Amino acid sequence: MAEGNIQLQPGTGRRPGRRATPSRTLLPLRRVSDLSNSISCWYCDFKTSVFNEPLFHFGRKHFRWLRIWFSIGMGFSLTTLIGVTVIMLLESAKALNLYDGIQWVNNILNGSVLGFYSSVFKYSISIADIGYMCISSIISVSVHELGHVLAATSEGIPIEYTALFLAVLFPGALVAFNQDLLQIIPQVSTLRIYCAGIWHNAAFCVVCALTVFLLPFILYPLYSHGESLMVLDVSAESPLYGYLSPGYLITKLDGNRVHTTKEWMEMAYLVDKQIFQTTNHYISNKGYCVPNLVIAQSKNAEIVDNEFKCPNGLTLFTTISCVDSSTSNDIGSNEPDGQLTMENSFCFPAKGVLREKKCGNGWNNVVKNDTKCSCTEDESCSTPIHMPGVSWVEITFSRPYSSECTQAGNEMGSIYNKSWSEESKCGGSFVFIGDMISMSRSIWLTEYQPRWSYAFAYFPDLVEKLLVNSFHVSLMLALLNSLPVYYLDGESILEVALCCFGSLTPTIREAVLRSSLVAGTLVCCLLFLRILVFVIS
């Protein structure tokens, strides 16, 4: 039997249908040994027929269950196509100032779509990030094409070949089916085949999300999770380079325990926001019990350009109330207690105060008794003065994998109640002065700690990043192919769906199809233009 072939569009599985022209004659299930691979300056691919027989036999063996599975997917894809189209029309009307928009739609677009593109493009992308995106694209596109393949083989449509390709810098996959058989199967079966790619991408998103959620339980025998943050890498440009090294655990940030990367970023953001809300110097309610003799011997601050400065890299400190420091002071306000003078300011090495007891009620659980000052009569509760736009934070770390530390990583919590000399065996503290946001993003952290060897510390983070990237890429493929846009699955789905309405004449169906595709393509371009403007701004 003479057969033609039809290629599914890269990453979409689209079949142009009746408008396509046959290009080759092959027999079903035949392994083709003379497939020619395409190579050009912008496109190259690798074709193979090795998977033809296994996939076809699998589809025919389980065709009953696969048809039920893809029938559900057909309903999901048609619902998604209608929903995404309505949302795009509403957003286009909003862009043209025809109405103010719907709140939940705005939240989805601004919080998910625009937020995702902003997080991707507003910050520098490393080579590793590009690798994650390429691998995630190959996986997501392969899942998409596998959906089309299984749906087609369950209907008795053989595969002609499968291929991997690289278009410019974007990887992908495609499959080729027999065109003649596609034309004679029922329209419902054709619709199942076209909707299978979207359905598989949606199902794959659910699998990725569940796997990320269950990953701590899956890796529990080998890794602990959420106890503290482990440093995987510190770039040479990082302000923390030389203070932290791979294998260190960040346990506290400004006296607060840090368990997850989300807490790390939230704390950094709150500290940064608190500093930038002040108009002048800022005094926190986190202090140290510094001996009065040390304060008396400290150097005095200098006034330069109407600002207090400390010489030789010293840090500016002032004394605060040990008990009644419930609120922070913004120096420069109209309150007398908030005025900074030469008498109540002094310069002191920041590293030196870390050995002293903590005072003030800003340390949360560090200072146990808020009704009684932890400082003696010979000590004063002193706190650093934050300069405008500059944060002053204390970072506490541990070294569970160092040769000097003999305790296991899960026992590191016991060292925080010991003296400074005992704590230094397995960890310590240092002060960071500078921009909190850039500092928090300059190191590679993970929430997983290996229970035995540090050599496998990177594995959970690599898996998690790959799953998260695959989720976003697969979601993007599902949404894009749900749109009634030229050269995507939405075009073929809409075409076959219109054919199911017997009351429509071919002329009306063609007019509705053309107008829908033109409108959908224009609306899609407007949405991408909005995303581009959002990212640039």
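Provided above is the structure to which this section pertains.
The following paragraphs examine the structure supplied in this document.

Criteria and thresholds
- Residues numbered from 1 in each chain as written.
- Predicted model: local features only at pLDDT ≥ 70, side-chain atom pairs only at ≥ 80, totals over all residues.
- Heavy atoms only, no water.
- Disulfide = S-S within 2.5 Å.
- Helix = DSSP H or I, 4+ residues; strand = E, 2+ residues; numbered from the N terminus.
- Buried < 20%, exposed > 50% of the residue type's maximum accessible area, 1.4 Å probe, protein only.
- Expected span 1.5 Å × (residues − 1).
- Contact = heavy atoms within 4.5 Å.
- Pairing = 2+ DSSP bridges.
- Core = buried A, V, L, I, M, F, W, Y, C linked by side-chain atoms within 4.5 Å.
- Axes fitted to C-alpha atoms, helices over the stretch in contact; angles between N-to-C directions.
- Parallel < 35°, antiparallel > 145°, perpendicular 65-115°, else oblique.
- Left-handed = near helix turned anticlockwise from the far one by under 90°.
- Nonpolar A, V, L, I, M, F, W, Y, C, P; charged D, E, K, R; others polar.
- Phe/Tyr/Trp six-rings, centres within 6.5 Å; stacked < 30°, edge-to-face > 60°.
- Lys NZ or Arg CZ within 6 Å of the ring centre and 35° of its normal.
- Salt bridge = Lys/Arg side-chain N within 4 Å of Asp/Glu carboxyl O.
- Bend = angle between axes of the 7 residues up to and from the residue.

### Concerning the state of the cysteines
Part 1 of the reasoning: Scanning the model with the defined rule gives two disulfides in all.
Part 2 of the reasoning: Note on cysteine connectivity: cysteine 289 is disulfide-linked to cysteine 375, with sulfurs 1.9 Å apart. Residues cysteine 289 and cysteine 375 share a disulfide whose torsion about the S-S bond is about -85 degrees; that sign makes it left-handed. Of this pair, cysteine 289 sits in strand β9 (residues 287-291) while cysteine 375 sits in the loop between β15 (358-359) and β16 (379-386); the two residues are 86 residues apart in sequence, bridging distant segments of the chain.
Part 3 of the reasoning: According to the relative accessible area criterion, cysteine 289 is buried, its value standing at 0%.
Part 4 of the reasoning: Looking at cysteine 499, it has no disulfide partner, and the nearest cysteine sulfur is the one in cysteine 500, 7.0 Å off.
Part 5 of the reasoning: Residue classification places cysteine 499 among the partly exposed residues on the basis of a relative accessible area of 23%.

### Looking at helix α12 (residues 459-481)
Part 1 of the reasoning: Between the first and last C-alpha of α12 there are 33 Å, a value that for 23 residues agrees with the 33 Å anticipated at 1.5 Å per step.
Part 2 of the reasoning: Where the residues of α12 are buried, they touch α4 (127-154), α6 (187-218), β5 (223-234), β19 (443-450) and α13 (489-499).

### Quick word on the pairing of strand β17 (residues 391-398)
Part 1 of the reasoning: Counting buried positions over the eight residues of β17 gives eight, a clear majority of the element.
Part 2 of the reasoning: Residues Ser391, Val393, Ile395 and Phe397 line one face of β17 and the alternating positions Trp392, Glu394, Thr396 and Ser398 line the opposite face, and both faces are buried.
Part 3 of the reasoning: Both strand β6 (residues 249-253) and β17 contribute to a ladder of four bridges, which runs antiparallel. Within β17, the residue paired with leucine 249 across the bridge is serine 398.
Part 4 of the reasoning: Both β17 and strand β18 (residues 427-434) contribute to a ladder of eight bridges, which runs antiparallel. Residue serine 398 lies in a different strand from β18, and its bridge partner there is glycine 427.

### Concerning the nonpolar core
Part 1 of the reasoning: With 22 residues, the main nonpolar core has Leu244, Ile250, Trp264 and Ile395 as its most contacted residues.
Part 2 of the reasoning: Of all the secondary structure elements, the ones that give two or more residues to this core are β5, β6, α7 (261-276), β17, β18, α11 (436-440) and β19.
Part 3 of the reasoning: Aside from chain neighbours lying at most four places away, what touches leucine 244 is Val231, Val234, Ile250, Phe397, Phe430 and Ile443.
Part 4 of the reasoning: Formed by 17 residues, the second largest nonpolar core is a distinct cluster that contains Val149, Leu181, Ile193 and Trp199.

### Some thoughts on unusual backbone geometry
For residues besides glycine, phi is generally negative; the peptide bonds are generally trans as well.
Part 1 of the reasoning: Even without being a glycine, tyrosine 487 presents a positive backbone phi close to 70 degrees.
Part 2 of the reasoning: The topology assignment puts tyrosine 487 in the loop between α12 and α13.
Part 3 of the reasoning: Under the relative-accessibility criterion, tyrosine 487 is labelled exposed at 56%.

### Some remarks on the packing of α6 against α12
The packing of two helices is summarised by the inter-axis angle and the distance between the axes.
Part 1 of the reasoning: Direction vectors running N to C along α6 and α12 enclose 155 degrees, while the axes themselves pass 8 Å from each other. As summarised for this structure, α6 and α12 are arranged roughly antiparallel, according to the angle between their axes. Between α6 and α12 the crossing geometry is left-handed. Between α6 and α12, the residues in contact are Ile198, Asn201, Ala202, Phe204, Cys205, Cys208, Ala209, Thr211, Val212 and Leu215 and Pro460, Val463, Glu464, Leu467, Val468, Ser470, Phe471, Ser474, Leu475, Leu477, Ala478 and Asn481, respectively.
Part 2 of the reasoning: Counted by class, the contact of α6 with α12 contains 16 nonpolar, five polar and one charged residues.

### Digging into the packing of aromatic side chains
Part 1 of the reasoning: Tallied over the entire structure, the rule returns nine aromatic pairs.
Part 2 of the reasoning: With a centroid separation of 6.0 Å and 15 degrees between ring planes, the pair formed by phenylalanine 317 and phenylalanine 346 is classed as stacked. Of this pair, phenylalanine 317 sits in strand β12 (residues 315-319) while phenylalanine 346 sits in strand β14 (residues 345-348), and the two are 29 residues apart along the sequence.
Part 3 of the reasoning: On the basis of relative accessible area, phenylalanine 346 is assigned to the buried category, the value being 5%.
Part 4 of the reasoning: Among the aromatic side chains, those forming a connected cluster through ring pairs are Tyr243, Tyr248, Phe397 and Phe430.
Part 5 of the reasoning: One residue, arginine 60, lies across the ring of phenylalanine 63, its end atom 5.2 Å from the ring centre.
Part 6 of the reasoning: The ring of tyrosine 220 carries arginine 451 above its face, with NZ or CZ at 4.6 Å from the centroid.

### Describing the packing of α4 against α6
Part 1 of the reasoning: Interaxial distance between α4 and α6 falls to 7 Å at its minimum, and their mutual angle equals 140 degrees. By the angle between their directions, the pair α4 and α6 is classed as oblique. The two elements α4 and α6 cross, and the hand of that crossing is right-handed. On α6, the residues that touch Ile139, Ser140, Val143, His144, Leu146, Gly147, His148, Leu150, Ala151 and Ala152 of α4 are Arg192, Ile193, Tyr194, Ala196, Gly197, Ile198, His200, Asn201 and Phe204.
Part 2 of the reasoning: Among the residues making up the contact of α4 with α6, the classes are represented as 11 nonpolar, seven polar and one charged.

### A closer look at the pattern of salt bridges
Part 1 of the reasoning: A complete count under the given rule lists five salt bridges for this structure.
Part 2 of the reasoning: The salt bridge involving lysine 465 is made with aspartate 461; its shortest N-O contact spans 3.6 Å. Residue lysine 465 and its partner aspartate 461 are located together in helix α12, separated by four residues, close to a single helical turn.
Part 3 of the reasoning: Of the residues examined, aspartate 461 reaches a relative accessible area of 5% and is grouped as buried.
Part 4 of the reasoning: Three or more residues are tied together by salt bridges with common partners; here these are Arg67, Glu155 and Arg192.

### Considerations on the environment of methionine 439
Part 1 of the reasoning: With respect to the helices and strands, the residue methionine 439 is situated in helix α11.
Part 2 of the reasoning: Under the relative-accessibility criterion, methionine 439 is labelled buried at 0%.
Part 3 of the reasoning: Separated by 200 residues in sequence, methionine 439 and proline 239 have C-alpha atoms that sit 6.4 Å apart.

### Remarks on α6
Part 1 of the reasoning: Compared with the 46 Å implied by 1.5 Å per residue over 32 residues, the 43 Å span of α6 between its first and last C-alpha is a close match.
Part 2 of the reasoning: Considering bend angle alone, the principal kink of α6 is centred on cysteine 195 and spans about 40 degrees.

### What to know about the environment of histidine 259
Part 1 of the reasoning: With respect to the helices and strands, histidine 259 occurs in the loop between β7 (256-257) and α7.
Part 2 of the reasoning: When its relative accessible area of 28% is taken as the criterion, histidine 259 is described as partly exposed.
Part 3 of the reasoning: With 30 residues separating them along the chain, histidine 259 and leucine 229 place their C-alpha atoms 6.0 Å apart.
Part 4 of the reasoning: Each residue touching histidine 259, except ones within four places of it in the same chain, is listed here: Gly226, Glu227, Ser228, Leu229 and Glu447.

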